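Listed here are the chains, written in short residue letters.
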Amino acid sequence: MSKWSGVAEAYRTSFATLCAGTVERLLADTIGDDHLDVGCGTGDLALAATRLGRQVVAVDADPEMVAMTTAAMRGVVIEAALPHLPFDDASFDVVTANFVVNHVPDPRAAVRELARVARPGGRVAVTCWPARTQPWASLVGDAFTAAGVVPQTGQRLSPELDFERSVTGLRGLAEDAGLKVVTATELRWEWEIGVDALWSGITGGVATVGQTFLAQTGEVQDKAETELRQIMGEVARDGMLGLPSAAAYVVAVA
Ligand SMILES: C[S@@+](CC[C@H](N)C(=O)[O-])C[C@H]1O[C@@H](n2cnc3c(N)ncnc32)[C@H](O)[C@@H]1O
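These numbers come from a predicted model, not from an experiment.

Each value, and the rule that gives it
- Residues numbered from 1 in each chain as written.
- Predicted model: local features only at pLDDT ≥ 70, side-chain atom pairs only at ≥ 80, totals over all residues.
- Heavy atoms only, no water.
- Buried < 20%, exposed > 50% of the residue type's maximum accessible area, 1.4 Å probe, protein only.
- Helix = DSSP H or I, 4+ residues; strand = E, 2+ residues; numbered from the N terminus.
- Right-handed = clockwise from strand over helix to strand, strands pointing away.
- Pairing = 2+ DSSP bridges.
- Near = heavy atom within 4 Å.
- Polar contact = N/O pair within 3.5 Å; in protein donor to acceptor, adjacent residues only side chain to side chain.
- Areas by Shrake-Rupley, 256 points an atom, 1.4 Å probe, with all protein chains shown as cover.
- Nonpolar A, V, L, I, M, F, W, Y, C, P; charged D, E, K, R; others polar.
- Contact = heavy atoms within 4.5 Å.

Draft legend 1. Just the pairing of strand E1 (residues 34-38), in detail. Summarising burial for E1: 4 of the 5 residues are buried, a large majority. Crossover handedness for the path E1 to helix H4 (residues 44-51) to strand E2 (residues 55-60): right-handed. Where E1 lies against strand E4 (residues 92-98), 3 bridges are found, and the strand directions are parallel. Within E4, the residue paired with Leu36 across the bridge is Val95.

Draft legend 2. Expanded view of the site of the ligand. By nearness alone, 18 residues border the ligand, and Tyr11, Gly39, Asp60, Leu82 and Asn98 come closest of all. Measuring from a nitrogen atom of the ligand, one finds a backbone N or O atom of Gly39 at 2.6 Å. Between the ligand and the protein, one listed contact pairs an oxygen atom with a side-chain N or O atom of Asp60 at 2.6 Å. Compared with its free state, where it exposes 590 Å², the ligand has 95% of that area covered by protein. Taken together, the residues of the shell around the ligand sort by class into 12 nonpolar, 4 polar and 2 charged.

Draft legend 3. Main features of the environment of Phe87. Its place among the elements puts Phe87 in the loop between strand E3 (76-79) and E4. A relative accessible area of 14% places Phe87 in the buried class. A C-alpha to C-alpha distance of 27 Å links Phe87 and Val7, two positions 80 residues apart in sequence. For Phe87, the residues in contact, after removing those within four places along its chain, are Leu36, Val57, Val59, Ile78, Phe92, Arg116 and Val117.

Structure (structure tokens):
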């Protein structure tokens, strides 16, 4: 079972608000009527693209994510998984994948597939998390360590499939796919989220952090909550956190 199964609602109210931090820039850097958003999640980027008047097709590997995006926007939403998209070559002016290539089994093949469905001259825009620990993850990591959370093992890709989690690594994936990179940089923003909302994403099993939490005993889970609320309480204002965040970002021309 995929680690994205059964987490769509918990994702929507927690980590989707983190990933939404790049949406404005992705849309500003891509022009065109026919827009494919791959790994659409709960639909923030796809919805924002429809509001610009684009004809949007959204794709996700998880059926619950597909259902949520279908409910969120007018447009075509399809269940499909990289590296195999059910579209002809050169079908879209714009292809986006926001925090997706870091979750797929074969990132190089995935970006080749994004490139395949983009029209010549069309734009492919992708983001991923850099390897260094983000401030939100440091806080959660401190709480998990203090609570004795046992890390999960074996979640990394094999070296021949993996890529360097950086602007350089993401740029390399685009160039290997035959794309011409026009922007390769890091995006920075502040993730504003309530402590309760962040906690609900973790207890809802979102991503590695949530899966790790769910794999613990009830006793360790209770300790993790106590530690996390204490640590986050020290940096929160009125229950809200402002967490500096960063993404590797590449825009390329097909
Ligand atoms: C971190 S979420 C990002 C969601 C969305 N792009 C956003 O910015 O909120 C990763 C998404 O990729 C989807 N996903 C994972 N593997 C995939 C694959 N092989 N092909 C397509 N989507 C995939 C997951 O179901 C999840 O919705």
